[in-house]
Amino acid sequence: PTTAIIVVAAGSGTRLGAGAPKALVDLDGRTVLRHALDGVFAAAPMQVIVVAPAGHEQTVADELTEANRDRGWRSAVVTGGETRQQSVAAGLEALGEGIETVLVHDAARALTPATQIDAVAAAVTPDAGAIPALAVVDTLKRVDGDAVVEAVDRAVLAAAQTPQGFPRAVLEAAYARATAAGEEHTDDAALFAAAGGFVRRIPGSERAFKITTPADLERARMLLHPPTA
Ligand code: CTP
Ligand code: MG
């Protein structure tokens, strides 16, 4: 395959506060990372690079081996950095030869459907990236302290998800540029756009939400095992 996916799992999960790296938190006997990897390995074949929290490389490698058991895809584990951007950069260093499209995916989006991964990969072109994004449902306000300044038109806004896909060479150049400039971006699409790249939006999925807080963890557990009445 000419596609690779970098699954970033090196965060500490401060907002979740589970006392362990978020990717290694148990959902239902399987970890957040294992669920994310099961989604990846249900997609079309690609190289899989998992970016692990420092000190947890072996645990992550074992999860990857297990998820890859019936697939045998080319895969690797690398150690992450202080920021998400540094973790992605570490993943980029591990890309194999012949890779033309790179997807970057949050392990924390544990329940992301494989169809979303395939759709992003299919939407990447040699000069444009693609990201899934959901319409915003809340009424949004611009605020200043406790003052409500104005409503913001949500029709022009969308909530970005992952995986985010890019042509490899252009993404690598954008990362080199951001690193040299000392820039820190909120996601890969922003970093790619800052280098002049065009990013296309495709529909997102409710199931691709990011597990960030304890309530999100509860939601993921409910989706996996709905309580019976
Ligand atoms: N991530 C990473 N390396 C970092 C920071 C984040 O690989 N230095 C990954 C996380 O593991 C996660 C994804 O980036 O899969 C999205 O980040 P976030 O949800 O913010 O996770 P954490 O940084 O772990 O959580 P928090 O910000 O609450 O500490
Ligand atoms: Mg974070």
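Okay, so let's go over this structure. (Residues numbered from 1 in each chain as written. Chains lettered and ligands numbered in written order. Predicted model: local features only at pLDDT ≥ 70, side-chain atom pairs only at ≥ 80, totals over all residues.)

### Re the overall build of the protein
Item 1. Looking only at helices and strands, one finds seven helices and 10 strands in the protein.
Item 2. Here the C-alpha radius of gyration of the protein, 18 Å, is about what a compact globule of 229 residues would show, namely 17 Å.
Item 3. Along the first, second and third principal axes, the C-alpha atoms of the protein reach 55 × 50 × 30 Å.
Item 4. Within the protein, contacts between residues at least 6 apart in sequence are counted, and of these 73% link residues at least 24 apart. (Helix = DSSP H or I, 4+ residues; strand = E, 2+ residues; numbered from the N terminus. Rg over C-alpha atoms; globule rule 2.2 N^0.38 Å. Contact = placed C-beta atoms within 7 Å.)

### Description of the environment of Pro113
Item 1. With respect to the helices, strands and loops of the structure, Pro113 is situated in the loop between strand 4 (101–106) and helix 4 (114–123).
Item 2. The spacing of Pro113 and Ser205 is 92 residues in sequence and 7.8 Å in space, taken between C-alpha atoms.
Item 3. Beyond its immediate chain neighbours, meaning those up to four positions away, Pro113 contacts Gly39, Ser205 and Arg207.

### A word on the packing of helix 1 (residues 32–41) against helix 2 (residues 57–67)
Item 1. Packing of helix 1 against helix 2 leaves a shortest axis separation of 9 Å and a crossing angle of 35 degrees. Considering the relative orientation of helix 1 and helix 2, their crossing is right-handed. Mapping the contact onto sequence places Leu33, Arg34, Leu37, Asp38 and Phe41 in helix 1 and Val60, Glu63, Leu64 and Ala67 in helix 2.
Item 2. Here the residues of the contact of helix 1 with helix 2 sort into six nonpolar, no polar and three charged. (Axes fitted to C-alpha atoms, helices over the stretch in contact; angles between N-to-C directions. Left-handed = near helix turned anticlockwise from the far one by under 90°. Nonpolar A, V, L, I, M, F, W, Y, C, P; charged D, E, K, R; others polar.)

### Details of unusual backbone geometry
Item 1. Between Thr162 and the following residue, Pro163, the backbone shows a cis peptide bond with an omega angle of 0 degrees.
Item 2. Structurally, Pro163 is set in the loop between strand 8 (158–160) and strand 9 (164–167).

### A word on the site of ligand 1
Item 1. Around ligand 1, the structure places 22 residues, and the nearest of them are Val8, Ala10, Gly11, Thr14 and Arg15.
Item 2. The residue makeup of the shell around ligand 1, split by class, is seven nonpolar, nine polar and six charged. (Near = placed C-beta within 6 Å.)

### Considering helix 3 (residues 84–93)
Item 1. Helix 3 sits mainly inside the fold: seven of its 10 residues count as buried.
Item 2. Among all positions in helix 3, only Arg84, Gln85, Ser87, Val88, Ala89, Gly91 and Leu92 are buried.
Item 3. Buried-residue contacts for helix 3 involve strand 1 (3–8), strand 2 (47–52), strand 3 (75–79), strand 4, helix 5 (168–181) and helix 6 (188–194). (Buried ≥ 20, exposed ≤ 12 C-beta atoms within 10 Å, placed from the backbone.)

### Things to note about the nonpolar core
Item 1. One finds Ile6, Val7, Ala9 and Val50 to be the most contacted residues of the largest nonpolar core, which totals 56 residues.
Item 2. Ranked by residues supplied to this core, first place goes to helix 1 with six residues. (Core = buried A, V, L, I, M, F, W, Y, C linked by C-beta atoms within 7 Å.)

### Observations regarding helix 1
Item 1. Taking burial as the measure, the 10 residues of helix 1 include nine buried ones, the bulk of the element.
Item 2. Taken residue by residue, helix 1 has Val32, Leu33, Arg34, His35, Ala36, Leu37, Gly39, Val40 and Phe41 as its buried positions.

### With respect to the pairing of strand 6 (residues 140–144)
Item 1. Among the five residues that make up strand 6, zero are buried, leaving the element largely open to the surroundings.
Item 2. Examined bridge by bridge, strand 6 and strand 7 (residues 147–152) share five bridges and lie antiparallel to one another. Note on strand 7: the bridge partner recorded for Asp144 is Ala147.
Item 3. Between the end of strand 6 and the start of strand 7, which pair antiparallel, lie two residues, with Gly145 showing a positive phi angle near 65 degrees. (Pairing = 2+ DSSP bridges.)

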